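Tertiary structure, described
Listed below are the residues making up each chain.
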Amino acid sequence: MSSVRDIIVEAASRANVCPRKRVLPDDIFVDSLMLFNGVMEEYSARDYIEAYKSEVDFKPHTAEVYVGERMSDHVSAPDIQLPKKVLYKYDGSVDWIPMEFIAYENFYSAAYSDYIVSWKPAGPNLYQLYFKPRFLSTNPECKLIYNVEMKYADNDTVNLPTPYVELITRNLAYKMAIKWPRVDESKKNSLKDEMTELEHSLKATNASMHIITRGGYGHGGSLQSNLRSGAFISDRYF
């Protein structure tokens, strides 16, 4: 296991920002920590880091449901970064049924069934979820799966498999090489290529294990809406 500081120090060395044997200046470390958290949020949003997900169950009573961290929100979802999926079931049922995500601009179209959901940002760590009134009339219970916003301090431990720690280190080194240009373009491109190569390698490995799945829930969603929303493919890495 590596600490956040370990990763930052290693990335700084690779980007020629600061040798491993020297103490990283405080101002550079603070900026590097911001870059590190940005990398983590990037990979969380892209579903590379499946470990940082959470879920919440709720019964929607209105067509517009606010999900966030405030006491006034309809549904509490601490540290929510991005909704990923909504499922539903009825009393007495064990299995959850996935709902089709529809982009907000298409949500009110008559072309879709009642078993769809949409969402859009409504503020920091706050989202509006949209349901069809006829769906609500069936009194469903819903489950929201969402990406958790990652906020790391310098001595926190990164509990991820070694290949993913290496991926984070490579990404951070490339971003540091851009912010503090102390290597030539050839080295900068090399850092980027190393990062991209490992991204593709991890994605290919997971694909061969059938981790990448396609959704086909058949609740009236169209191929066009799936392409727009990205709901047609779900990358899972753990």
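Check the entry above for the structure.
For clarity, every value in this text was computed on a predicted model and none was experimentally measured.

Rules and cut-offs
Residues numbered from 1 in each chain as written. Predicted model: local features only at pLDDT ≥ 70, side-chain atom pairs only at ≥ 80, totals over all residues. Heavy atoms only, no water. Pairing = 2+ DSSP bridges. Helix = DSSP H or I, 4+ residues; strand = E, 2+ residues; numbered from the N terminus. Contact = heavy atoms within 4.5 Å. Axes fitted to C-alpha atoms, helices over the stretch in contact; angles between N-to-C directions. Phe/Tyr/Trp six-rings, centres within 6.5 Å; stacked < 30°, edge-to-face > 60°. Buried < 20%, exposed > 50% of the residue type's maximum accessible area, 1.4 Å probe, protein only. Lys NZ or Arg CZ within 6 Å of the ring centre and 35° of its normal. Parallel < 35°, antiparallel > 145°, perpendicular 65-115°, else oblique. Left-handed = near helix turned anticlockwise from the far one by under 90°. Nonpolar A, V, L, I, M, F, W, Y, C, P; charged D, E, K, R; others polar.

1. As for the sheet that holds strand 2 (residues 53–58)
Within a sheet, each strand pairs with its neighbour through backbone hydrogen bonds, oriented either parallel or antiparallel. Pairing is antiparallel in the open sheet, where four strands are placed in the order 2-10-5-6. At either end of the open sheet lies a strand with only one pairing partner, and these are strand 2 and strand 6 (97–98). Pairing of strand 5 (residues 80–89) with strand 6 involves two bridges; the strand directions are antiparallel. Paired with Leu87 across the bridge in strand 6 is Pro98. Across the sheet, helix 2 (residues 26–45) lies against strand 5 and strand 10 (141–148), angled at about 25 degrees from strand 5, the strand it touches most.

2. With respect to the packing of aromatic side chains
Following the criterion strictly, the structure yields twelve aromatic pairs and no others. Here the aromatic rings of Phe36 and Tyr152 are separated by 5.5 Å at their centres, their planes lie at 90 degrees, and the arrangement is edge-to-face. In this pair, Phe36 is assigned in helix 2 and Tyr152 in the loop between strand 10 and strand 11 (157–158), connecting sequence segments 116 residues apart. The buried category is assigned to Tyr152, whose relative accessible area is 11%. Grouping aromatic residues by their ring pairs yields a cluster made of Phe58, Tyr88, Tyr90, Tyr115, Phe131 and Phe135. Just above the ring of Phe29 sits the side chain of Arg5; from NZ or CZ to the centre is 4.0 Å.

3. Quick look at the packing of helix 2 against helix 4 (residues 162–179)
One can describe the packing of helix 2 onto helix 4 by two numbers: an axis separation of 10 Å at closest approach and a directional angle of 130 degrees. With respect to helix 4, the element helix 2 is oriented oblique. The hand of the helix 2/helix 4 crossing is right-handed. The residues of helix 4 that touch helix 2, namely those facing Asp31, Ser32, Leu35, Phe36, Val39, Met40, Glu42 and Tyr43, are Leu167, Ile168, Asn171, Leu172, Lys175, Met176 and Lys179. Split into classes, the residues belonging to the contact of helix 2 with helix 4 amount to nine nonpolar, two polar and four charged.

4. Considering the pairing of strand 10
The buried fraction of strand 10 is high, at six of eight residues. As judged from the six bridges shared by strand 2 and strand 10, these two strands associate in the antiparallel manner. Its bridge partner lying in strand 10, Val56 is registered against Leu144. Where strand 5 lies against strand 10, eight bridges are found, and the strand directions are antiparallel. Residue pairing in the sheet places Tyr88 in a bridge with Cys142 of strand 10.

5. Here's the deal with unusual backbone geometry
Phi at Asn125 is positive, roughly 50 degrees, even though this residue is not glycine. Note that Asn125 resides in the loop between strand 8 (116–123) and strand 9 (126–131). On the basis of relative accessibility, which here comes to 18%, the residue Asn125 falls in the buried class. The phi angle at Asn139 is positive, at roughly 55 degrees, despite the residue not being glycine. On the secondary structure map, Asn139 appears in the loop between helix 3 (133–136) and strand 10.

6. What about the sheet that holds strand 7 (residues 100–101)?
Overall, mixed pairing links the five strands, which are arranged 4-3-9-8-7 in an open sheet. On the outer flanks of this sheet lie strand 4 (75–76) and strand 7, each paired with one strand and no other. Inspection of the sheet shows strand 3 (residues 64–68) paired to strand 4 by two bridges, in the parallel sense. The residue bridging Gly68 from the neighbouring strand is Ser76, located in strand 4.

7. A few points about the side chain of Thr169
Inspection of the secondary structure assignment puts Thr169 in helix 4. Aside from chain neighbours lying at most four places away, what touches Thr169 is Ile7, Glu10, Ala11 and Arg14.

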